[in-house]
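# Residue-level structure breakdown
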Amino acid sequence: HLEREKVGLSLAGVVPHRTRMERFLGWCEGVKETTSVGHVLMNLKGFVPATGLLIAALFDGYWRGPLLLTLGIAASVPIMVRIGTPYDGFVKSMGAPHLLLSAPATLVIFYDLVVARSVTISSSPVTFVWACLQLVVFGVSHALDVYDTVDWHVLRNRKVIRCMAHVEHWKAQGKLPVSTQNVQWLMRAGKIVDPRCNEFGFLKAAN
């Protein structure tokens, strides 16, 4: 396991985005470049936590949901970066930690909105709308996390999503096949797509 990680880290350590956070934001750009749905969802997943904190500060002080959501996402990012670094991109195995750390906030907001009804449209219309938006956006996100986890670990359909700046960098270094785009398939139903590549998608001959 350590040797596998070392191989991936040695590759990912020299990409155009040098710090881990810059690298992670580069991967986010890769998702945005891939599909319009990915672009919208990625933007909303950044917009919702930030506006939740702002609304709490400016309006009725509903901190519990926004704080839990922000802390959960913040805690999931380092784990996702560690998982994605050997691939230099987003992979579906990131879904489980993201789900486990962000879903508790969704459950709390659902409880406050639907069960306890401590967040209502009459008491705070802005907070109510935000809470509804959070449930929709992260409900979709959690469903995708579950799907991705099953697809990666059970069905063994595996791919990497990278931004094109990173892809072009690796192709120039001779470490990715010249045909590689934003999405690189590693396995389909457990079968290796390109035997020239290692488990992280990089050419074995380049290691």
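### Overview of the pattern of salt bridges
Tallied over the full model, the rule gives 6 salt bridges. Of the charged contacts, one joins Glu29 and Lys32 as a salt bridge, the two residues approaching to 3.6 Å between their closest N and O atoms. With Glu29 and Lys32 both in helix α2 (residues 20-34), this residue pair falls 3 residues apart, about one helical turn. Judged by its relative accessible area of 38%, Glu29 falls in the partly exposed class. Note that Lys92 is salt-bridged to Asp151, the shortest N-O span being 2.6 Å. Taken together, the residues Lys92 in the loop between α4 (64-84) and α5 (95-115) and Asp151 in helix α6 (residues 125-153) connect sequence positions 59 residues apart. For the residue pair Lys92 and Asp151, the accessibility class agrees, reading buried in each case. Here the salt bridges do not stand alone but share partners, grouping Lys92, Asp148 and Asp151 into one network.

### Section: the nonpolar core
Phe24, Leu69, Tyr87, Phe90 and Trp130 are the most contacted members of the largest nonpolar core, which totals 38 residues. Every element with two or more residues in this core is listed here: α2, α3 (36-58), α4, α5, α6, β1 (158-161), α7 (164-172) and β2 (183-188). Considering every element that reaches this core, the biggest residue donor is α6, with 6 residues. The residues contacting Tyr87, other than those within four sequence positions of it, are Trp152, Val160, Arg162, Leu186, Glu199, Phe200 and Phe202.

### Some thoughts on α4
If you check α4, its first and last C-alpha atoms are 30 Å apart, about what 21 residues at 1.5 Å a residue would give, namely 30 Å. Within the span of α4, buried status applies to Gly65, Pro66, Leu69, Gly72, Ile73, Ser76, Val77, Met80, Val81 and Gly84. Contact partners of the buried residues in α4: α2, α3, α5 and α6.

### Regarding the sheet that holds β2
Spatial ordering of the open sheet is given by β1-β2-β3, a layout of 3 strands whose pairing is antiparallel. In this open sheet, the two strands that pair with only one neighbour each are β1 and β3 (191-192). Where β2 and β3 come together, 2 bridges link them in antiparallel fashion. Bridging across to β3, Arg188 finds its partner in Lys191.

### A short note on the confidence of the model for the protein
Per-residue confidence for the protein averages 90 on the pLDDT scale, and 91% of its residues sit at or above 70. Predicted confidence for residues 1-13 stays below pLDDT 50, and this span has 19 contacts to residues more than four positions away or in other chains.

### Focus: unusual backbone geometry
Of note in this structure, Arg156 is not a glycine but carries a positive phi near 60 degrees. Since its relative accessible area comes to 37%, Arg156 is described here as partly exposed. Phi at Ala189 takes a positive value of approximately 55 degrees, unusual for a residue other than glycine. One can find Ala189 in the loop between β2 and β3.

### A closer look at α2
Its 15 residues place the ends of α2 21 Å apart at the C-alpha level, agreeing with the 21 Å of an ideal helix rising 1.5 Å per residue. Along α2, the residues that are buried comprise Arg23, Phe24, Gly26, Trp27, Cys28, Gly30 and Val31.

### Remarks on the side chain of Ser102
Examined against the element boundaries, Ser102 turns out to sit in helix α5. Of note is the side chain of Ser102, whose polar atom sits 2.6 Å from the backbone oxygen of His98. Ignoring sequence-local partners within four residues, the contact set of Ser102 consists of Leu69, Ile73 and His142.

Reading the values: the criteria
- Residues numbered from 1 in each chain as written.
- Predicted model: local features only at pLDDT ≥ 70, side-chain atom pairs only at ≥ 80, totals over all residues.
- Heavy atoms only, no water.
- Salt bridge = Lys/Arg side-chain N within 4 Å of Asp/Glu carboxyl O.
- Helix = DSSP H or I, 4+ residues; strand = E, 2+ residues; numbered from the N terminus.
- Buried < 20%, exposed > 50% of the residue type's maximum accessible area, 1.4 Å probe, protein only.
- Core = buried A, V, L, I, M, F, W, Y, C linked by side-chain atoms within 4.5 Å.
- Contact = heavy atoms within 4.5 Å.
- Expected span 1.5 Å × (residues − 1).
- Pairing = 2+ DSSP bridges.
- pLDDT = per-residue confidence, 0-100.
- Polar contact = N/O pair within 3.5 Å; in protein donor to acceptor, adjacent residues only side chain to side chain.

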